[in-house]
Amino acid sequence: MNSQISRSAARAFRSFLASSKNARFHSEGRTVAAAATLAARGNGSFLAAANFGRAGSQNAYARWISGALAIHAAAYMVLDQEVHAAEFERTFIAIKPDGVQRGLISEIVARFERKGFKLVAIKVVVPSKEFAQKHYHDLSERPFFNGLCDFLSSGPVIAMVWEGEGVIKYGRKLIGATDPQKSEPGTIRGDLAVVVGRNIIHGSDGPETAKDEINLWFKPEELVSYTSNSEKWVYGNN
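Note that the structure is a prediction, hence the values are computed from the model and not measured. (Residues numbered from 1 in each chain as written. Predicted model: local features only at pLDDT ≥ 70, side-chain atom pairs only at ≥ 80, totals over all residues. Heavy atoms only, no water.)

Volume-wise, the largest pocket comes out at about 680 Å³. What lines the largest pocket is a set of 28 residues, and nearest its centre among them are Lys96, Tyr136, Leu139, Leu148 and His202. Those elements giving two or more residues to the lining of the largest pocket turn out to be helix H8 (129-135), helix H9 (145-152), strand E4 (201-203) and helix H12 (207-217). At four residues, H12 tops the list of elements feeding residues into the lining of the largest pocket. Classifying every residue of the lining of the largest pocket gives eight nonpolar, ten polar and ten charged. (1 Å grid on protein atoms, 1.4 Å probe; cavity = no way out; pocket = protein on both sides within 12 Å on 5 of 7 lines; lining within 4 Å. Points joined across faces, edges and corners; volume = space filled by probe spheres on them. Helix = DSSP H or I, 4+ residues; strand = E, 2+ residues; numbered from the N terminus. Nonpolar A, V, L, I, M, F, W, Y, C, P; charged D, E, K, R; others polar.)

One finds Ile108, Phe112, Trp162 and Ile201 to be the most contacted residues of the largest nonpolar core, which totals 20 residues. At the level of secondary structure, the elements contributing two or more residues to this core comprise strand E1 (89-95), helix H7 (105-115), strand E3 (157-164), helix H10 (167-175) and helix H11 (188-192). Counting residues per element, this core draws most heavily on H10, which supplies four residues. Excluding residues that lie within four positions of it along the chain, isoleucine 108 makes contacts with Ile95, Ile188, Ile200 and Ile201. (Core = buried A, V, L, I, M, F, W, Y, C linked by side-chain atoms within 4.5 Å. Buried < 20%, exposed > 50% of the residue type's maximum accessible area, 1.4 Å probe, protein only. Contact = heavy atoms within 4.5 Å.)

This part is about the pairing of E3. Judged by how many residues are buried, E3 sits mostly within the fold: eight of eight residues are covered. What you see with E3 is no split at all: Val157, Ala159, Val161 and Glu163 on one side and Ile158, Met160, Trp162 and Gly164 on the other are buried throughout. Alignment of E1 against E3, held across seven bridges, turns out to be antiparallel. Looking across to E3, one finds that alanine 94 is bridged to alanine 159. (Pairing = 2+ DSSP bridges.)

Bringing empty space enclosed by the protein into the picture now. Under the defined criterion, the tally for this structure stands at one cavity of 30 Å³ or more. By volume, the largest cavity amounts to about 40 Å³. Phe88, Lys118, Glu163, Gly164, Glu231 and Tyr235 are the residues that line the largest cavity. Those elements that provide at least two residues to the lining of the largest cavity are E3 and helix H13 (231-235). Class assignment for the residues of the lining of the largest cavity results in two nonpolar, one polar and three charged.

This part takes up the sheet that holds E3. Pairing within the open sheet is antiparallel, and its four strands lie in the order E2-E3-E1-E4. Either end of the sheet is taken by a strand with one partner, and the two such strands are strand E2 (118-125) and E4. Across the sheet, the mean angle from the axis of one strand to that of its neighbour is 20 degrees, orientation sign disregarded. Of the strands in this sheet, E1, E3 and E4 are in contact with H10, which crosses E1 at around 30 degrees. (Axes fitted to C-alpha atoms, helices over the stretch in contact; angles between N-to-C directions.)

All chains considered together, the criterion is met by seven salt bridges. In this structure, arginine 90 and glutamate 163 form a salt bridge, with 2.7 Å as the shortest nitrogen-oxygen distance. You can see arginine 90 sitting in strand E1 and its partner glutamate 163 sitting in strand E3, a full 73 residues away along the chain. Both residues of the pair, arginine 90 and glutamate 163, count as buried. Salt-bridge contacts for lysine 118 lead to glutamate 163; the nearest nitrogen and oxygen are separated by 3.2 Å. Taken together, the positions of lysine 118 in strand E2 and glutamate 163 in strand E3 put the pair 45 residues apart, joining distant regions of the chain. Overall, lysine 118 belongs to the buried group, its relative accessible area being 7%. In this structure glutamate 163 comes out as buried when scored by relative accessible area, which is 2%. (Salt bridge = Lys/Arg side-chain N within 4 Å of Asp/Glu carboxyl O.)

Structure below.
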């Protein structure tokens, strides 16, 4: 229970720090975070931590304590995007032009939702060929590269970011093998696609790829951080 409280407090503290535009307040906030996190863990060095940083007045100390209590109370309501993303993986998923044209958007979104993953960004994009080349840059030496880029830029693409524990690895399992003929029944490609050239969906294949693809397709302000009401039923105590 203490570890759960500590994690929640730490998330809120870091959100508070990230949102602060005032350098002085930011510095004091770091001390609040350190002190209150130690307190949440039952560490006896709380007072020492509270006085580490700005040696100073009782007013500064009072602000530290007051801030700690206020932020701790808001721990379950305010989540910093960067910290939240560190706790739950994020992956990039794109429904390709064939999936969009076949009316499979809701089917694909539903499969990720039913698994328990959370949608944190979505938009409709018609990528240029130059943009498609950036997306598939790691395949630039392959003979099919040009055709691949032509296809991705041939119509609307649904670009998404999904969040959840193990979402990168399991997202790939939900999608299925690149060749639909080799995809297991129950996977998106196994159930809904027939040939490699029209395999309807793309998903990041690892943490670094996910990070790069999210940054390519989305601006930071287009990503949303929020707590879903279903999370306690998906992950248990949190």
